[in-house]
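# Coordinates in review
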Amino acid sequence: MSSELLPHTFWTRVRTVLNWINLSTLLGFVIARIGGATITRRGRGTYLATGYRFNFPVASAFTVGSVIASKNDLEYFTDRPVLLKHEDRHCTQYAFVFGVVMLPFYFLSVGISYAIAGDHSSYNPFERLANLADGNYPPPKTRFSRRG
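Here we summarise the structure given alongside this text. (Residues numbered from 1 in each chain as written. Predicted model: local features only at pLDDT ≥ 70, side-chain atom pairs only at ≥ 80, totals over all residues. Heavy atoms only, no water.)

### Considerations on the sheet that holds strand 4 (residues 67-70)
One open sheet holds the four strands; their spatial order is 1-2-4-3, and the pairing between them is mixed. Both outer strands of the open sheet, strand 1 (38-43) and strand 3 (62-64), are each paired with one neighbouring strand and no more. Taken pair by pair, the neighbouring strands of this sheet meet at an average axis angle of 25°, ignoring direction. Lying over the sheet, helix 2 (residues 24-34) contacts strand 1, strand 2 (46-50), strand 3 and strand 4, oriented at roughly 130° with respect to strand 3. (Pairing = 2+ DSSP bridges. Helix = DSSP H or I, 4+ residues; strand = E, 2+ residues; numbered from the N terminus. Axes fitted to C-alpha atoms, helices over the stretch in contact; angles between N-to-C directions. Contact = heavy atoms within 4.5 Å.)

As structure tokens, then:
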């Protein structure tokens, strides 16, 4: 990855401040540290926490506040700028869904999506608004299909 930091915009500055105020970025740092991750500033108020050692959540990357965590190393993201855009959208969601308060809503959305489609993303508005394809998720599906 480039050592150059991504530039801020007005809205990324607002998001950054909100995520510090609502404690979600602080929680992201705590989770990353407990998970043994190495934290690197990415720019736009975001951080990459690479080398996360736990198996939960099961994802190539996940976001808490403005911290994007992953088991993978920095080089993994070099060829995956779209995945970082997906996770960046989650940073914005934390800012505007009141930070850590977003977590119960996210997990409720996971449960509803599992009930409808058998996966955590198809009917999860947080994943859909972050763009499923950018997160490398398949298109939405449902368990209930018509037989011809």
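What follows continues from the structure just given.
### Notes on the pattern of salt bridges
This structure, assessed with the given rule, holds four salt bridges. When the shortest N-O distance is used, the salt bridge between D88 and R15 registers 3.2 Å. Residue D88 is found in helix 4 (residues 81-96), and its partner R15 is found in helix 1 (residues 10-21); the two are separated by 73 residues along the sequence. Pair check on accessibility: D88 and R15 agree, each one buried. A salt bridge links D134 to R89; the nearest nitrogen and oxygen atoms lie 2.7 Å apart. Separated by 45 residues along the polypeptide, D134 in the segment after helix 6 (125-129) and R89 in helix 4 bring together distant segments of the chain. For D134, a relative accessible area of 16% translates into the label buried. For R89, a relative accessible area of 29% gives the class partly exposed. Three or more residues are tied together by salt bridges with common partners; here these are R15, R42, R44 and D88. (Salt bridge = Lys/Arg side-chain N within 4 Å of Asp/Glu carboxyl O. Buried < 20%, exposed > 50% of the residue type's maximum accessible area, 1.4 Å probe, protein only.)

So yeah, pure geometry; function would need other evidence.
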